[in-house]
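For reference, the chains in residue letters:
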Amino acid sequence: MKIIRTKDYDDMSRKAANIIAAQVIMKPDCVLGLATGSTPIGTYARLVKQYQEGDLDFSQVTSVNLDEYKGLTKDNDQSYYYFMNDHLFSKVNIDTKHTFLPDGTEPDSEKACREYDQIIAGVGGVDLQLLGLGHNGHIGFNEPGTAFVARTNCVDLTESTIQANKRFFASIEDVPRQAYTMGIGTIMLAKKVLVVVSGADKAAIVKKAFFGAITPEVPASVLQLHRDVTVVADEAALSEVE
Ligand code: F6R
């Protein structure tokens, strides 16, 4: 595991974007595994800038996202599809036919998960998987305390996640109760993994996940077993480790 220490969020975003850019330049038809959340927003903004400046070409790139809320349509502004479109897809020359997320509108969870696994297999697996890190160590929606689930699965959101998300919705009844997420096994099969982390509020979990015991209680700790992981973290996020 390689840890790259950056000055701040902006520096983290630039370095992470450069790593993704290098992947796209070296393999123009690569498969990128993508994440949502607040941490990668700056990374996507940097990739958009590099594209606008003529340094990056996404025309042959395929993307598969980590997760999607069950029950939200693509045009719902809280859906992860909407997020990806807003921050990246609509701003670069990626072919949207080559961008994939679990189908949040599929009510049959088993079918949605099976079909997403088929999509990931069909594109030949992930070359570079981008991940954020949850405060409790989750990656994707793979929450602590469950066995490492290998493939795409349907997760019941915890009460604390529902409470935390309610600020984005008109009422708590509108907050999705479930989400589809890529499994830990699929994440571990990515050829390379890139984790972005920022802020002092992540310092404790960075220490546990990357310097502590490997346990389902801290899902991200499994990444210590991956052969090619780069963590790009700012000083604040690394403040509890040497
Ligand atoms: C996003 C995802 C989540 C986030 C994590 C960190 O697709 O799967 O695991 O990466 O919750 O979120 P932020 O970056 O908002 O702190």
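Note that this is a predicted model, so its numbers are computed, not measured.

Trainee: Quick rundown of the overall build of the chain? Include the residues and the values.
Mentor: Summing up its helical and strand segments, the chain has 7 helices and 10 strands in all. What you see for the chain is a C-alpha radius of gyration of 17 Å, in line with the 18 Å of a compact globule of 242 residues. Taken along the three principal axes of its C-alpha coordinates, the chain extends 40 × 40 × 35 Å. Residue burial in the chain is summarised as follows: out of 242 residues, 50% are buried. At a minimum sequence separation of 6, the contacts of the chain that also span at least 24 residues come to 80%. Here the chain holds 24 positive side-chain charges and 32 negative ones, and the gap between their average locations is 5 Å.

Trainee: Give a detailed account of the environment of Val 229, specifying residues and quantitative values.
Mentor: Mapping Val 229 onto the fold places it in strand β10 (residues 229–234). Sequence separation between Val 229 and Lys 49 is 180 residues, and the spatial gap between their C-alpha atoms is 25 Å. Apart from the residues lying within four places of it in its own chain, the contact partners of Val 229 are Met 1, Lys 2, Val 193, Val 195 and Leu 223.

Trainee: If you had to explain the packing of helix α2 (residues 41–52) against helix α3 (residues 80–87) to someone new, which residues and values would you point to?
Mentor: Interhelical geometry of α2 versus α3 gives an angle of 40° and a closest axis separation of 10 Å. Classified by the angle their axes make, α2 and α3 are oblique. Contacts from Ile 41, Tyr 44 and Val 48 in α2 reach Phe 83, Met 84 and His 87 in α3.

Trainee: Explain the pattern of salt bridges to me, using residue names and the numbers behind them.
Mentor: Oppositely charged side chains may form a pair once their charged atoms are brought near each other. For the structure shown, the criterion picks out 10 salt bridges. Put simply, Lys 27 and Asp 127 hold a salt bridge, and the shortest N to O gap is 3.0 Å. Remark: Asp 127 occurs in the loop between α4 (109–122) and β6 (128–131) and Lys 27 occurs in the loop between α1 (9–26) and β2 (31–34); sequence separation between them is 100 residues. Overall, Lys 27 belongs to the partly exposed group, its relative accessible area being 32%. We note a salt bridge from Lys 111 to Glu 115, for which the minimum N-O separation is 3.4 Å. Here Lys 111 pairs with Glu 115, and both are found in helix α4, just 4 residues apart, close to one helical turn.

Trainee: Just give me the short version of the site of the ligand, but keep the residues and values in it.
Mentor: The ligand sits among 14 residues. The nearest are Thr 39, Asp 67, His 138, Gly 140 and Lys 202. Between the ligand and His 138, the relevant distance is 2.6 Å, taken from an oxygen atom to a side-chain nitrogen or oxygen of the residue. For the ligand, an oxygen atom lies 2.8 Å from a polar atom in the backbone of Gly 140. Summarising the interface, the protein chains cover 85% of the accessible area of the ligand, which totals 410 Å² for the free molecule. Grouping the constituent residues of the shell around the ligand by class yields 4 nonpolar, 8 polar and 2 charged.

Trainee: I'd love a proper account of the pairing of β6, names of residues and values included.
Mentor: Burial along β6 is two-sided: Leu 128 and Leu 130 facing one way and Gln 129 and Leu 131 facing the other are all buried. As paired strands, β2 and β6 are joined by 2 bridges and run parallel to one another. Counterpart to Gly 33 in the pairing with β6 is Gln 129.

Trainee: Quick rundown of α4? Include the residues and the values.
Mentor: The end-to-end C-alpha distance of α4, which contains 14 residues, comes to 20 Å, matching closely the 20 Å that a straight helix rising 1.5 Å per residue would cover. All of the buried residues along α4 are Ser 109, Ala 112, Cys 113, Tyr 116 and Ile 120. The buried residues of α4 occupy an angular sector of 95° when projected down its axis, which confines them to one face. With respect to the buried face of α4, the exposed residues turned more than 90 degrees away are Glu 110, Gln 118, Ala 121 and Gly 122. As for α4, its buried residues are in contact with β3 (62–65), β5 (99–100), β7 (153–156), β8 (178–181) and α6 (184–189).

Conventions adopted
Residues numbered from 1 in each chain as written. Predicted model: local features only at pLDDT ≥ 70, side-chain atom pairs only at ≥ 80, totals over all residues. Heavy atoms only, no water. Helix = DSSP H or I, 4+ residues; strand = E, 2+ residues; numbered from the N terminus. Rg over C-alpha atoms; globule rule 2.2 N^0.38 Å. Buried < 20%, exposed > 50% of the residue type's maximum accessible area, 1.4 Å probe, protein only. Contact = heavy atoms within 4.5 Å. Lys, Arg positive; Asp, Glu negative; His and termini not counted. Charge placed at Lys NZ, Arg CZ, Asp CG, Glu CD. Axes fitted to C-alpha atoms, helices over the stretch in contact; angles between N-to-C directions. Parallel < 35°, antiparallel > 145°, perpendicular 65-115°, else oblique. Salt bridge = Lys/Arg side-chain N within 4 Å of Asp/Glu carboxyl O. Near = heavy atom within 4 Å. Polar contact = N/O pair within 3.5 Å; in protein donor to acceptor, adjacent residues only side chain to side chain. Areas by Shrake-Rupley, 256 points an atom, 1.4 Å probe, with all protein chains shown as cover. Nonpolar A, V, L, I, M, F, W, Y, C, P; charged D, E, K, R; others polar. Pairing = 2+ DSSP bridges. Expected span 1.5 Å × (residues − 1). Arc of directions from axis to C-beta.

The analysis is restricted to geometry; functional conclusions fall outside its scope.
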